[in-house]
There are 4 protein chains.
Amino acid sequence: MSDAPVCEHRLRRRVQFYETDAGGIVHFSVYFRYMEEAEHALWRAAGLSIHDRDAGFGWPRVHASFDYHRPLRFEEEFEAWIRIVAIEEKTITYACVLSRADTKIATGRFTIACASCRPNEPMRGMAIPPEIRARFAVQP
Amino acid sequence: MSDAPVCEHRLRRRVQFYETDAGGIVHFSVYFRYMEEAEHALWRAAGLSIHDRDAGFGWPRVHASFDYHRPLRFEEEFEAWIRIVAIEEKTITYACVLSRADTKIATGRFTIACASCRPNEPMRGMAIPPEIRARFAVQP
Amino acid sequence: MSDAPVCEHRLRRRVQFYETDAGGIVHFSVYFRYMEEAEHALWRAAGLSIHDRDAGFGWPRVHASFDYHRPLRFEEEFEAWIRIVAIEEKTITYACVLSRADTKIATGRFTIACASCRPNEPMRGMAIPPEIRARFAVQP
Amino acid sequence: MSDAPVCEHRLRRRVQFYETDAGGIVHFSVYFRYMEEAEHALWRAAGLSIHDRDAGFGWPRVHASFDYHRPLRFEEEFEAWIRIVAIEEKTITYACVLSRADTKIATGRFTIACASCRPNEPMRGMAIPPEIRARFAVQP
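Everything numeric in this text was worked out from a predicted model, so none of it was measured.

Chemist: How should the interface of chain C and chain B be read in this particular structure?
Modeler: When the parts come together, some accessible area is lost, and that loss is often what is quoted as the size of the interface. Counting residues at the interface gives 18 residues for chain C, matched by 18 residues for chain B. Buried surface at the junction of chain C and chain B, summed over both partners, amounts to about 1,800 Å²; 50% is from carbon and sulfur atoms. Our count for the contact surface shared by chain C and chain B stands at 2 salt bridges. Across the pair Arg44 of chain C and Glu75 of chain B runs a salt bridge whose closest N-O atoms are separated by 2.9 Å. Linking chain C with chain B are 8 residue pairs in polar contact (both at pLDDT 80 or more), by the criterion used here. Elements with a contribution of two residues or more to the side of chain C that touches chain B: β1 (8-14) and α1 (30-45) of chain C. Among the elements that line the side of chain C that touches chain B, the one with the most residues is α1 of chain C, at 5 residues. Tallied by class, the residues present in the side of chain C that touches chain B amount to 4 nonpolar, 4 polar and 10 charged.

Chemist: Explain the sheet that holds strand β8 (residues 124-125) of chain D here, please?
Modeler: Pairing between the strands of a sheet is mediated by backbone hydrogen bonds and can be parallel or antiparallel. Residues and elements named next belong to chain D. As summarised here, the arrangement of the 3 strands in space is β2-β7-β8, forming an open sheet in which the pairing is antiparallel. This sheet does not close on itself; its edge strands, each paired only once, are β2 (57-58) and β8. Taken together, the 2 bridges between strand β7 (residues 115-116) and β8 define a ladder with antiparallel strand orientation. When the bridges of β8 are listed, Ala115 appears paired with Gly125.

Chemist: Quick question: what am I supposed to make of the state of the cysteines here?
Modeler: When the sulfur atoms of two cysteines share a covalent bond, that bond is a disulfide. Counted according to the given criterion, the structure contains 0 disulfides over all chains. Just so you know, Cys114 of chain C is unpaired, no disulfide at all, and the nearest cysteine sulfur is the one on Cys117 of chain C, 8.3 Å from it.

Chemist: Explain the sheet that holds strand β4 (residues 77-87) of chain A here, please?
Modeler: Taken in spatial order, the 10 strands line up as β1(A)-β4(A)-β5(A)-β6(A)-β3(A)-β3(B)-β6(B)-β5(B)-β4(B)-β1(B) in an open sheet, and their pairing is antiparallel. Each of the sheet's edge strands pairs with one partner strand only, and the pair in question is β1 (8-14) of chain A together with β1 (8-14) of chain B. Neighbour-to-neighbour, the strand axes of the sheet open up by a mean angle of 15°, direction not taken into account. Two elements, strand β3 (residues 61-68) of chain A and strand β3 (residues 61-68) of chain B, share 5 bridges in a ladder whose sense is antiparallel. Residue pairing for β3 of chain B: Ser65 of chain A is matched across the bridge by Ser65 of chain B.

How each quantity is defined
- Residues numbered from 1 in each chain as written.
- Chains lettered and ligands numbered in written order.
- Predicted model: local features only at pLDDT ≥ 70, side-chain atom pairs only at ≥ 80, totals over all residues.
- Heavy atoms only, no water.
- Contact = heavy atoms within 4.5 Å.
- Buried area = accessible area lost by both parts, 1.4 Å probe.
- Salt bridge = Lys/Arg side-chain N within 4 Å of Asp/Glu carboxyl O.
- Polar contact = N/O pair within 3.5 Å; in protein donor to acceptor, adjacent residues only side chain to side chain.
- Helix = DSSP H or I, 4+ residues; strand = E, 2+ residues; numbered from the N terminus.
- Nonpolar A, V, L, I, M, F, W, Y, C, P; charged D, E, K, R; others polar.
- Pairing = 2+ DSSP bridges.
- Disulfide = S-S within 2.5 Å.
- Axes fitted to C-alpha atoms, helices over the stretch in contact; angles between N-to-C directions.

Okay, here's the thing in structure tokens:
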């Protein structure tokens, strides 16, 4: 792991049987899990974990979307390419492309917010801590 | 069940434990399952099933999104209110609001496309069959 | 809700699309979620919640099994009948039968243990608190 | 891939966030998905796919169980070691051990049956085809 800020990550993955539905294809809700899986791998590549029980804050999603172009089927291999497209004071926005070989499968986008998470208190938005901010860059 | 076309549906639901994550709240991908659950209940209210193995066509999603306003927690009761906001030649678009009592939890939107699904052939968009089209109306 | 101890519960449920797999039937792992859903409804019928963030203890599973007799398909309605078959000092054991009309679908069994869950400490088995023990009975 | 029959497989895996629950650990139903994931990797190592849409038969589970020894948490790495412990005329039985470094996490067991799956007919048990039988061996 280098000290350079991280702006993107490519995850290789195979479709698991429990991710398919009776239509014979990956259930549309599972694409959001693929996108999250790629995001957390990006955080690890930056030397961070997105979920630290003792930190007192977390990263709830505030927006998530996917446009679906082609289906994915059991055992197919695909790539989830995630990149950071914006960093604001309290939020990070990613874009994500799923592809199988040269075929674009789906295009996603989601935004997470930094929020304090203390027991018995409502979550509240807060500025991204500078030591975390410093580990990420917007993809040029 | 009446013969009148259907334009909306309200589903009452309780959060299940397996829908939560280590952040202590419902995982963001599960909201899409809630929206789908409400959609299928709307279809049943129209006298239809969205998944008919012998029909030769199905309803893949082409777009799905959620904006998240508040978290949901284990055992909380909520309502998923889905309504049809557009019907085109080959697609149906829904809007969906999740709420807990008077609190708006999340706002979703998704579009499904009618597509022929024959074994060993790629899915292909097709016009919505008139007998299905006739069962639905756009919410005024 | 009466004050009498609770020993069983019957949950009515419909199969959701996201619970099916590419084999066209409910994925075998989902049966464990149905069993858990019935268990938590049984706890609510006893006036309790199985997951209390402030309690300092929880109920991890120590054993879970299912024998599968018949498949379940999308939109089928079924019943999950759960009953308490044993209460030991630290554990509760349930049996669960899933059925669709008169057809037995599957037979499950699982055991939960009472365990202290304090931040940064390993879970440790503990005696079931008497006020919880008093709310349950073994089905005769 | 060699021509020798396959009797076991070891899968390396990391816990994903969507696999955890509000108790802060992997949901107990997810262990069954890990076991299945290892099984399908074993089949691929044998040059086979467990789900072939055109085969006219499939492999429903008839029994599945887990004993849980220790929890798994977000981002922990673990191994799922699956081995074939019995092959009968119509069924295959596996044992599976999940471990994290030297810690045994859980011990599973499940049995699948070969069954004809034709549209609009009930599943029916059938003898394992010899070309599939020949690819597997019971672990000595």
